[in-house]
Structure formats: C-alpha cells, structure tokens
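Chain by chain, the residues:
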Number of protein chains: 2
Amino acid sequence: MKILVVGSVAYDAVETPAGKRNSQLGGSASYFSVAASYFSEVALVGVVGSDFDPADRAMYEAHGIDTSGLISSNGKTFRWTGEYLKNINQAVTLETQLNVFGDFEPELGSAHANAPFLFLANIDPNLQLKVLESMTERPKMVAADTMNLWIDIERPALLDVISKVDTLLINEGEAMQLTEQNHLPDVAAAIISLGPDSTVIKRGEYGAALFGDGFSLAAPAYPLERVIDPTGAGDSFAGGFMGYLASVDRVDQETLRTAAIVGSTMASFTVEDFGLDRLKQLTRTDIEERFDAFVNLTRFNPLS
Amino acid sequence: MKILVVGSVAYDAVETPAGKRNSQLGGSASYFSVAASYFSEVALVGVVGSDFDPADRAMYEAHGIDTSGLISSNGKTFRWTGEYLKNINQAVTLETQLNVFGDFEPELGSAHANAPFLFLANIDPNLQLKVLESMTERPKMVAADTMNLWIDIERPALLDVISKVDTLLINEGEAMQLTEQNHLPDVAAAIISLGPDSTVIKRGEYGAALFGDGFSLAAPAYPLERVIDPTGAGDSFAGGFMGYLASVDRVDQETLRTAAIVGSTMASFTVEDFGLDRLKQLTRTDIEERFDAFVNLTRFNPLS
C-alpha cells in the first residue's frame with residue numbers, strides 16, 4: 001500500500017448555477033482516493049452508515065482502492081448540504097449532519113499503518129494526530145488539509161499537526177486566517193515557519209500556489225468552458241498531487257512541481273461534472289491530454 | 001518610431017499600506033512608455049500643464065522616449081488621488097482633477113502617424129477613435145485599454161474602438177462589466193467576438209490571462225515579498241507587452257505568449273516601489289533575471 005488517506009465519506013446535496021443534486025457521493029476521502037487511484041495504490045480509512053450504497057463501495061474497488069478501512073457503522077452516512085449560487089468559488093454550507101462521522105475514531109490495520117504516503121484530509125486535528133501516532137513508522141511523506149472550523153476551535157491541536165507534516169494543503173482564505181497574514185508570500189512563509197517543508201495554497205478559479213524551500217510554482221486553474229460543481233476540487237488536487245509523488249516515490253522540488261500540475265489536472269476534471277461523475281471515469285489518455293493542456297497553458301519562449 | 005502611445009500623464013497622490021506620496025509622476029502613458037522603452041522606440045502623445053516638472057520630461061528622454069507629442073498647455077497637469085488601504089488589488093479613487101487633460105485633443109505629427117505599433121491607453125473612446133483615424137495607414141498592431149467609466153457612458157464608441165483593435169487589455173472586473181459574463185473563458189470569448197484577435201484580462205495579484213485564436217496562457221503575478229504601490233501595473237504590463245512585440249516585429253501566438261510574460265515582468269517591477277521609482281531605473285540584467293524568475297515560477301516536468 002503506497003498511500004493511506006483518512007477522511008470523510010459523505011452524501012452531499014449540492015446546488016450550483018448548473019443544477020442541483022440531492023444526494024451524491026462525496027467527502028474528502030472519496031475525491032482524494034479516486035484521484036490518487038489513477039497513479040498509485042490507495043487505502044481509504046473512514047466511516048459510513050448503514051445507508052451506504054454498495055454500488056459506491058464497488059466504485060472505489062473498481063478503482064483498486066482498498067476499502068478494508070472503510071468501516072460501516074449503525075446510523076446514517078455523513079451528509080453535507082451546500083450551494084455555490086452566488087459565487088462558484090465559495091461554498092455556502094446550508095446544513096451539516098455529522099451522523100456516524102461524529103463518532104469517527106480512525107483505527108489503522110497493520111496493512112495501513114506502514115503506508116509511506118499519508119494524507120490527513122480535513123478532519124478534527126485531534127484525529128489527525130491520533131492517525132499520525134498510529135503509524136508504525138514515520139511515513140516518507142505526510143500531507144494534511146484543514147478548514148476554518150479547526151482554526152477557530154482547535155488551533156493548538158492543529159498547530160501540532162502542522163508542525164508534524166511535510167506539506168500543508170489549504171485554501172487561501174483559511175491560510176490567511178491561520179497565519180494572520182494577507183499577502184501570499186507572507187502567508188506561505190508563515191506556514192513553512194510552522195514546520196512543513198512546503199505548502200500548497202489553493203485559490204479556487206485562480207489555481208494554486210506551491211511554495212517550498214527557495215522556490216515557488218504558480219499552478220493555474222484550467223480555463224474550462226463550463227464549471228459544473230466545484231465540490232471536491234481541493235481533495236482531487238491533493239489526490240493527484242500525492243498520487244503522483246507516490247508513483248515516482250520521490251519528494252523533491254522537481255517532483256513537487258509536477259505533482260502540483262497533476263493535482264490541478266485532477267481538480268479540473270472534478271469540476272466538470274457533479275460530484276465524482278467525471279473524476280471516476282477517466283482514462284490515462286484523458287489525464288495525459290489534460291496535463292498537456294496545462295503545458296500549453298503555461299508555456300512561453302525565452303526572451304530574445 | 002516603432003510604438004506610439006496616446007494616454008494620460010498625471011501627478012498622483014497615492015496612499016497604500018506601505019506609505020503615502022503626495023505628488024508622483026503617473027498616468028497610463030508614463031508607465032506604458034517607460035516600460036516599453038526597454039525594448040523598443042516609443043513616442044508619447046499626451047498633455048501636461050505648466051506645472052509639469054522638466055525633470056520628469058528629462059526622465060522620459062533619458063529613456064529614449066520621443067516627447068515631441070507631449071504638449072504643454074496652460075493650466076495644471078491631470079491629478080489623480082487614490083488609495084489601496086482596504087484592498088491592495090483595488091484602487092479607490094478619492095479625487096480626479098482632469099485639469100488640462102479635460103480638453104485633450106490628441107494631434108499626431110507625421111513622425112507619429114505612421115507608427116507600426118499603437119497603444120490606445122485608457123482615455124475617452126471617442127479620442128481613441130480619433131487617433132486611429134489620424135494614422136496614415138492602419139498600424140501593424142493596435143492595442144487598447146479602457147475602464148468602467150467608458151463602459152458606462154460611452155459604450156457605443158467603445159465598442160467601435162474594440163471592433164478595430166487587435167488586442168484589448170482590460171481588468172477582469174471591467175471585462176465582466178463589458179461582456180456581462182462572469183466566467184473567464186466566456187468573458188474572453190465575448191471580447192474576441194467583438195473584434196480583437198486576442199485579449200489580455202488583467203487579474204491583479206492573480207496575474208493575467210491571454211486568450212487568442214485557439215490558445216490561452218495563464219501569466220502569473222510574481223510573488224513579490226513586498227507590494228508597495230500597484231498604481232500603473234496594468235499600463236506597465238501593456239508597455240512590456242507591446243515593447244516586446246515591436247522589438248521582434250511579429251505578432252503571432254508564440255510572440256504574444258512571450259510578450260505576456262514580459263508584460264508581467266515589467267508590472268512586477270512597477271509594484272515594487274511607489275510610482276515609477278523602480279520601473280524607471282532598470283537594467284537589462286534586472287529584466288532578464290526577473291523574466292527567468294517567471295520561467296522558474298511556471299516550469300514543471302513532463303508527466304512520467
């Protein structure tokens with residue numbers, strides 16, 4: 001097993017300018033694991049309720065995702081209701097029903113506890129710490145995401161998590177809130193001063209910025225003709241990012257740069273349709289063609 | 001004479017989080033012509049008042065800028081007062097004193113009327129049309145900028161200008177207002193449907209997007225440690241963009257791509273200090289090093 005992701009699996013009700021879905025598979029671990037599955041072996045640790053559709057578990061498994069850590073619990077699956085009607089870049093949460101996710105206590109089997117790549121998706125930082133402590137040895141690379149809620153109510157635990165990860169992936173607004181800085185290079189420097197070697201600051205339709213030791217990369221968002229549903233774009237980015245790094249099994253400036261573009265590539269597919277509808281049905285050719293489109297989107301000639 | 005720019009010369013009073021200046025040389029034609037002067041011959045057509053400092057004219061001339069079209073008129077130089085205190089990306093205009101610029105009627109001498117590259121900076125579109133009609137032959141390339149005021153009060157004349165230019169450079173917010181679209185590729189397509197072959201949509205700290213016939217380029221903003229004063233960034237972009245195109249004397253997808261990065265390079269210098277303080281004192285090495293920094297900011301390796 002190359003990559004372990006611990007995060008949420010959810011049924012989402014989403015409304016966007018393109019339409020409405022009442023219950024679609026979502027959650028950070030879903031987007032992450034499906035995106036990463038195109039590059040590397042992935043195991044998913046999470047919890048679902050007794051209402052979880054066997055077809056959804058089968059979809060994971062069709063992508064080669066190890067779901068032995070996806071526990072089924074009595075109760076209902078985590079449910080998020082949100083909309084992007086005013087601003088396609090900004091989800092407005094209408095309702096959160098934690099359901100079985102409210103009592104989630106990640107338990108790692110021995111097959112998972114020695115994964116060399118670990119992604120701590122956006123969950124309570126105390127649980128993120130618990131997962132880190134459950135690893136039999138320190139993974140080669142640990143990345144984490146977080147959100148405003150944990151910055152507000154669990155800052156000490158979150159800072160502890162951040163001090164222990166290699167890369168923090170975080171939305172720009174939340175990165176500003178975390179660091180109390182508002183100028184991108186200052187935000188990135190402040191995050192790196194908390195411990196990580198690198199950080200990816202996610203900027204919605206403006207793409208993402210990767211900052212590492214003495215370098216930065218501006219990864220644009222792909223100018224898609226239609227953005228249908230931005231839900232899961234950030235976790236798809238993380239899945240492509242970690243999936244690529246695990247596939248090359250090397251984490252350095254050069255691989256991080258390419259990984260950020262792979263992340264952008266996978267995020268660009270996710271937003272093309274509702275939920276996982278586009279992401280789950282990609283071919284290698286689709287991915288290579290979109291990656292090449294990013295090459296074209298960023299290429300220019302030397303100054304002559 | 002390779003490039004003719006028609007636009008404003010101003011004294012600006014500016015306050016930013018980094019400080020305050022009571023009267024600094026500015027105006028679209030100032031930033032444009034100084035930025036372009038590093039690449040190509042430039043002539044500036046505009047008007048100043050009797051208060052115009054001879055040292056400022058000498059600064060243009062030290063950059064090889066032809067100021068024979070910079071008319072001196074009785075009265076005061078155009079004066080803009082603005083601040084960027086709440087949002088470094090968004091100028092708030094506190095006062096505009098048009099002064100001699102209110103009666104500006106561009107007159108082109110014969111040395112200017114056959115320039116192969118023409119930049120119509122942000123002025124009344126009726127004057128932009130008059131300049132276009134004054135050219136002895138249609139220039140090889142015409143680019144224009146505009147602003148919300150003209151979209152509001154002179155839309156028919158502005159649409160006439162846009163139908164006659166090769167490239168429209170425009171702020172994202174104003175591009176949305178102009179096209180009544182809000183998704184970047186739709187905005188760009190709508191502009192191109194009005195006539196231009198290409199458009200540069202300026203996105204402040206998020207950089208600029210170039211759209212042409214079947215291609216697009218995401219030009220990032222440089223993640224500078226400190227942004228001191230964003231005034232003139234867009235006109236400096238335009239100056240670098242047109243200056244580079246005039247220097248290679250070829251306008252096609254490949255040269256437009258490089259030109260957009262040269263534009264971003266020049267804009268990145270402008271914002272590093274108040275007014276023209278940084279832009280006016282560059283060396284070729286400074287420019288090459290910053291351009292190379294853009295190469296590093298955008299480079300990644302193939303998907304392996």
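Below or above, wherever it landed, is the structure these notes cover. As the structure is a computational prediction, the values presented were derived from the model and not from experiment.

Definitions and limits used
- Residues numbered from 1 in each chain as written.
- Chains lettered and ligands numbered in written order.
- Predicted model: local features only at pLDDT ≥ 70, side-chain atom pairs only at ≥ 80, totals over all residues.
- Least-squares fit on C-alpha atoms with pLDDT ≥ 70 in both.
- Contact = placed C-beta atoms within 7 Å.
- Helix = DSSP H or I, 4+ residues; strand = E, 2+ residues; numbered from the N terminus.
- Nonpolar A, V, L, I, M, F, W, Y, C, P; charged D, E, K, R; others polar.
- Axes fitted to C-alpha atoms, helices over the stretch in contact; angles between N-to-C directions.
- Parallel < 35°, antiparallel > 145°, perpendicular 65-115°, else oblique.
- Left-handed = near helix turned anticlockwise from the far one by under 90°.
- Pairing = 2+ DSSP bridges.
- Buried ≥ 20, exposed ≤ 12 C-beta atoms within 10 Å, placed from the backbone.
- Expected span 1.5 Å × (residues − 1).
- Arc of directions from axis to C-beta.

**Some words on the relation of the copies chain A and chain B**
When chain A is fitted to chain B, the best match, at an RMSD of 0.0 Å, comes from turning it 180° and sliding it 0.0 Å along the axis. Such a combination of turn and shift is consistent with a two-fold rotation axis. Comparing interface residues between copies, 100% of those in chain A also sit at the interface in chain B, which points to an isologous, same-surface contact.

**Observations regarding the interface of chain A and chain B**
Facing 30 residues of chain A, the contacting portion of chain B comprises 30 residues. Of all the secondary-structure elements, those providing two or more residues to the side of chain A that touches chain B are α7 (184–193), β13 (215–219), α9 (253–270) and α10 (284–298) of chain A. Residues belonging to the side of chain A that touches chain B are distributed by class as follows: 18 nonpolar, 7 polar and 5 charged.

**Topic: the packing of helix α9 (residues 253–270) of chain B against helix α10 (residues 284–298) of chain B**
Residue and element names in this part refer to chain B. Contact pair α9 / α10: the axes reach a minimum separation of 9 Å and the direction vectors enclose 115°. Between α9 and α10, the angle falls in the class roughly perpendicular. In the packing of α9 onto α10, the handedness of the crossing is right-handed. Where α9 approaches α10, its residues Ile261, Val262, Ser264, Thr265, Ser268 and Phe269 are matched on the opposing element by Ile287, Arg290, Phe291 and Phe294. For the contact of α9 with α10, the class distribution of residues is 6 nonpolar, 3 polar and 1 charged.

**Describing the environment of Thr283 of chain B**
Here Thr283 of chain B lies in the loop between α9 and α10. As for Thr283 of chain B and Leu70 of chain B, which are separated by 213 residues in sequence, their C-alpha atoms are 25 Å apart.

**Brief notes about the sheet that holds strand β11 (residues 198–202) of chain A**
Residues and elements named next belong to chain A. Read from one edge to the other, the open sheet built from 9 strands follows the order β5-β4-β1-β8-β9-β10-β11-β12-β13, with strand pairing classed as mixed. At either margin of the open sheet sits one strand with a lone partner, and together these are β5 (66–72) and β13. Pairwise comparison of adjacent strand axes, ignoring direction, gives a mean angle of 15° for this sheet. Inspection of the sheet shows β11 paired to strand β12 (residues 208–212) by 4 bridges, in the antiparallel sense.

**Digging into the pairing of strand β10 (residues 167–171) of chain B**
Residue and element names in this part refer to chain B. Most of β10 is tucked away: 5 of the 5 residues are buried. Residues Thr167, Leu169 and Asn171 point to one face of β10 and Leu168 and Ile170 to the other, with burial holding for every one of them. Both strand β9 (residues 141–145) and β10 contribute to a ladder of 3 bridges, which runs parallel. Residue pairing across strands places Asp145 opposite Leu169, the latter belonging to β10.

**As for the packing of helix α8 (residues 233–248) of chain B against α9 of chain B**
All names here are of chain B. Axis separation between α8 and α9 bottoms out at 7 Å; the angle between their running directions is 140°. If you check the angle between α8 and α9, you find them oblique. Handedness of the crossing formed by α8 with α9: right-handed. Across the interface between the two elements, Ala233, Ser236, Phe237, Ala238, Gly239, Gly240, Phe241, Tyr244, Leu245 and Val248 of α8 pack against Thr255, Thr258, Ala259, Ala260, Val262, Gly263, Ser264, Thr265, Met266, Ala267 and Thr270 of α9. In terms of residue class, the contact of α8 with α9 is made up of 12 nonpolar, 9 polar and no charged.

**Here's the deal with the sheet that holds strand β7 (residues 92–97) of chain A**
Hydrogen bonds along the backbone pair up the strands of a sheet, which may run parallel or antiparallel. All names here are of chain A. Read across the open sheet, the 4 strands follow the order β3-β2-β6-β7; overall the sheet is mixed. Because the sheet does not close on itself, it has two edges, and the strands there are β3 (19–26) and β7. Adjacent strand axes in the sheet meet at a mean angle of 15° when their direction is disregarded. With 5 bridges connecting them, strand β6 (residues 78–83) and β7 associate as antiparallel partners. Looking at the pairing, Arg79 lines up with Gln97 of β7.

**Re α10 of chain A**
Between its first and last C-alpha, α10 of chain A extends 21 Å over 15 residues, near the 21 Å set by a 1.5 Å rise per residue. Buried within α10 of chain A are the following residues: Arg290, Phe291, Phe294, Leu297 and Thr298 of chain A. The buried residues of α10 of chain A occupy an angular sector of 110° when the element is viewed end-on, so they sit on one face. Along α10 of chain A, the residues that are exposed and aim more than 90 degrees away from the buried face are Arg284, Thr285, Glu289, Val295 and Asn296 of chain A. Looking at the buried positions of α10 of chain A, the neighbouring elements they touch are α9 of chain A together with β13 (215–219) and α10 of chain B.

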